[in-house]
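Chain by chain, the residues:
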Amino acid sequence: VSAAALQPPAPRRKHTLLKAEEIEVVDARRQRKQTPAEPPQEITGRKHFIRDIIENDIKEKKHETIITRFPPEPNGYLHLGHAKSICLNFGIAKDYGGRTHLRLDDTNPEKEQQIFADAILEDVRWLVGENDEDPWFEGVRHASDYFDVLYACAKLLVRRG
């Protein structure tokens, strides 16, 4: 262990004071965000590398159906990265006539709470739901539903060396 690792961490500043010119920049950014967005221009060239792969697989008949999944861990509320994944996975499945499985990765029971699982379902419905039906395919799945199968596979792999 190095001497630096034994040193206490530097104290963090709790508040940052802004100068008058910095406040003007922040206010200008807020005003810019409030202006209406321009409609996107037509995309030329490659649309999206994931869509390119999917379209190539469909053309080569590698898969009959597009199946995506969204596997959050219910140990906190969703963040922007989760929202991007939701829109990507559910959007691709919808665009290509496929389906998306929602599987809660409930592998750490000490950190998971029902309030987070409920919030995840509500957020997914809000982001991609179009009617009263849940947007995911055949109900919510849980990683713990597959523990017996995973355990049996692990034992088989150990036996095989």
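Relevant structure appears above.
Just so you know, the residues in each chain are numbered from 1, in the order the chain's sequence is written. At least 70 in pLDDT is required for a residue's local features to be given in this predicted model, at least 80 for side-chain atom pairs to be given and counted, and no such filter applies to totals for whole chains, interfaces and linings, which use all residues. Calculation of side-chain values draws on the structure's entire complement of heavy atoms; hydrogens and water are dropped beforehand.

Bringing helix α6 (residues 147-160) into the picture now. Helix and strand assignments follow DSSP, with helices taken as H or I runs no shorter than four residues and strands as E runs no shorter than two, numbered in order from the N terminus. Helix span, as expected, comes to 1.5 Å for every residue beyond the first. Taking 1.5 Å as the rise per residue, α6 with 14 residues should run 20 Å; its terminal C-alpha atoms sit 20 Å apart, in good agreement. Three labels apply to residues, based on accessible area from a 1.4 Å probe with only protein chains included: buried if under 20% of the type maximum, exposed if over 50%, partly exposed otherwise in between. With zero of its 14 residues buried, α6 lies for the most part at the surface. Positioned one or two residues after α6, Gly 161 has a phi angle of 85 degrees, which is positive.

So, about the pairing of strand β1 (residues 67-70). Here β1 shows a clear split, with Thr 68 and Phe 70 buried on one side and none of Ile 67 and Arg 69 buried on the other. Pairing analysis gives four bridges linking β1 to strand β2 (residues 99-104), with the strands arranged parallel. Looking across to β2, one finds that Thr 68 is bridged to Thr 100. Following the chain from β1 across helix α4 (residues 80-95) to the adjacent parallel β2, one finds a crossover that is right-handed. Two strands form a pair only when DSSP identifies at least two bridges running between them. With the strands pointing away from the viewer, any crossover whose connection runs clockwise from the first strand over the helix to the second is right-handed.

The relative placement of two packed helices comes down to the angle between their axes together with the axis-to-axis distance. Only the stretch in contact is used when fitting a helix axis, every axis being a line fitted to C-alpha atoms; angles between N-to-C directions are given from 0 to 180 degrees. Interhelical geometry of helix α3 (residues 49-59) versus α4 gives an angle of 35 degrees and a closest axis separation of 12 Å. Where α3 crosses over α4, the two elements pack in a sense that is right-handed. Here Ile 50, Arg 51 and Ile 54 of α3 lie close against α4, whose contacting residues are Leu 88, Ile 92 and Asp 95. Residue classes in the contact of α3 with α4 are distributed as four nonpolar, no polar and two charged. By convention, the crossing between two helices is left-handed when the near helix turns anticlockwise from the far helix through less than a right angle, and right-handed when the turn is clockwise. The contact criterion used throughout is that any non-hydrogen atoms of two residues lie within 4.5 Å. Each residue is assigned to one class: nonpolar for Ala, Val, Leu, Ile, Met, Phe, Trp, Tyr, Cys and Pro, charged for Asp, Glu, Lys and Arg, and polar for all the others, Gly among them.

Here the focus is the layout of surface pockets. Estimated volume of the largest pocket: approximately 360 Å³. Lining the largest pocket are 16 residues, with Phe 90, Lys 94, Val 128, Glu 130 and Pro 135 sitting closest to its centre. Where the lining of the largest pocket is concerned, the elements lending two or more residues are α4 and β2. Its residues assigned to classes, the lining of the largest pocket shows six nonpolar, five polar and five charged. Here a cavity denotes grid points, spaced 1 Å and computed from the protein atoms alone, that fit a 1.4 Å probe unable to get out, and a pocket denotes an open set having protein on both sides within 12 Å along at least 5 of 7 lines; residues with an atom within 4 Å of a point are the lining. Grid points are joined across faces, edges and corners, and a volume is the space filled by probe spheres set on the points.

The subject of this paragraph is the environment of Asp 57. Within the secondary structure, Asp 57 is located in helix α3. With near-sequence residues (within four places) excluded, Asp 57 lies in contact with Lys 62 and His 63.

Both β2 and strand β3 (residues 141-142) contribute to a ladder of two bridges, which runs parallel. Bridging across to β3, Arg 103 finds its partner in Arg 141. Once the chain exits β2 it traverses helix α5 (residues 114-128) before rejoining the sheet at β3, and the crossover so formed is right-handed.

Next up on the list: the nonpolar core. Generally speaking, a soluble globular protein has its nonpolar side chains buried in company with each other. Among the nonpolar cores identified, the biggest contains 12 residues, and these are Phe 70, Leu 78, Ile 86, Phe 90, Leu 102, Leu 104, Ala 117, Ile 120, Leu 121, Val 124, Val 128 and Trp 136. Looking at this core, the elements with two or more residues in it are α4, β2 and α5. Broken down by element, the residue count for this core peaks at five residues, all from α5. Residues in contact with Leu 78, not counting those within four places in the same chain, are Phe 70, Pro 72, Ile 86, Ile 120 and Asp 123. The criterion is simple. A nonpolar core is a set of buried Ala, Val, Leu, Ile, Met, Phe, Trp, Tyr and Cys residues joined through side-chain atoms within 4.5 Å.

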